[in-house]
Amino acid sequence: DLYETFVCWAKSMLSQKDKSNAASEARSDELSTYIADLDNGRVELTSERSDITKEIEELSSDIEVATQMREKENKDYEEAKDEMEKAIDALTKAVEVLKSATEGHAEGVLLATQARLESGFEARAREVAALSHAVDLGERVLTKGDAMFLRRLLTGEVPKVDWKKLNRKATFKM
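Residues numbered from 1 in each chain as written. Predicted model: local features only at pLDDT ≥ 70, side-chain atom pairs only at ≥ 80, totals over all residues. Heavy atoms only, no water.

## Here we look at the environment of isoleucine 88
- Relative to the helices and strands, isoleucine 88 resides in helix α2 (residues 48-102).
- Residue isoleucine 88 is classed as exposed on the basis of its relative accessible area of 53%.
- The sequence separation of isoleucine 88 and alanine 134 amounts to 46 residues, and the corresponding C-alpha distance is 8.5 Å. (Helix = DSSP H or I, 4+ residues; strand = E, 2+ residues; numbered from the N terminus. Buried < 20%, exposed > 50% of the residue type's maximum accessible area, 1.4 Å probe, protein only.)

See the structure below:
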């Protein structure tokens, strides 16, 4: 009886050990495959590479956005600089016209100034553009009456006289 118990125990132990060895073999094969994958770079133990890749992508997009913003700001600056240079030229010419127009306050001074400005079509076109720009600039910053005065002075525009309005009888009392 003892022999049979021992044989039964041995068979069960051998069966358990066979199963345990088979499981260990399978685990060993699985770990060998995992080690081979690690060696070949197919599996990584940390997320460092993916983290660095994401960071590089974010920095690249930030650089691209900053570059686009810089290009836009540069374009805006160049446009503003060009406009300011034109405004300075126009105002300089307007000052010259006003100086020569008011020098001596003699009759016909504006006509002489106009004759000087008509010395050439291309020069006249540049003068007109500069004076028009000065008038536009004046309309932005001056009061309505001052802007109208400046426009009439620089463009030679003469207001139409309403003789009926000027010659009507006064309605105020003294």
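## Focus: a nonpolar patch on the surface
- A surface patch of nonpolar side chains, about 360 Å² in accessible area, is lined by Val161, Trp163 and Leu166.
- When you line up the elements, leucine 166 lands in helix α6 (residues 163-167).
- For leucine 166, a relative accessible area of 56% corresponds to the exposed category. (Patch = residues over 30% accessible without salt bridge, like charges linked within 9 Å, V, L, I, M, F, W, Y side chains within 5 Å. Areas by Shrake-Rupley, 256 points an atom, 1.4 Å probe, with all protein chains shown as cover. Salt bridge = Lys/Arg side-chain N within 4 Å of Asp/Glu carboxyl O.)

## Focus on the pattern of salt bridges
- Taken as a whole and assessed by the stated rule, the structure comprises six salt bridges.
- A salt bridge links glutamate 30 to arginine 27; the nearest nitrogen and oxygen atoms lie 3.2 Å apart. Pair noted here: glutamate 30 and arginine 27 are both in helix α1 (residues 2-40), with a separation of three residues, about one helical turn.
- Two residues, aspartate 76 and lysine 72, come together in a salt bridge whose shortest N-O distance is 3.2 Å.

## Here's the deal with the confidence of the model for the protein chain
- A residue-level look at the protein chain finds 88% of positions with pLDDT of 70 or above and a mean pLDDT of 82.
- Looking across the protein chain, the model is least confident in helix α3 (residues 109-117), with a mean pLDDT of 56, and most confident in α1, with 91. (pLDDT = per-residue confidence, 0-100.)

## What about the nonpolar core?
- Grouped together as the largest cluster of nonpolar side chains are nine residues: Ala90, Ala94, Val97, Ala130, Leu131, Ala134, Val135, Leu150 and Leu154.
- Broken down by secondary-structure element, the contributors of at least two residues to this core are α2, α4 (121-141) and α5 (144-155).
- Those residues within four positions of alanine 90 in sequence are excluded, and the remaining contacts are Ala130, His133 and Ala134. (Core = buried A, V, L, I, M, F, W, Y, C linked by side-chain atoms within 4.5 Å. Contact = heavy atoms within 4.5 Å.)

## A word on α2
- With 55 residues, α2 should reach 81 Å at 1.5 Å per residue; the first-to-last C-alpha distance of 79 Å fits that figure.
- Listing the buried residues of α2 in full gives Ala87, Ala90, Ala94, Val97 and Ala101. (Expected span 1.5 Å × (residues − 1).)

## What about α5?
- Under the 1.5 Å per step criterion, the end-to-end length of α5 is 16 Å for twelve residues, consistent within 8% with the ideal 16 Å.
- Taken as a whole, α5 has its buried residues at Ala147, Leu150 and Leu154. For α5, the arc enclosing every buried residue in end-on projection is 60°, short of the 170-degree limit, so these residues lie on one face. Of the residues in α5, the exposed ones pointing more than 90 degrees away from the buried face are Lys144 and Phe149.
- Trailing α5 by a residue or two, glycine 156 shows a phi angle of about 75°, which is positive. (Arc of directions from axis to C-beta.)

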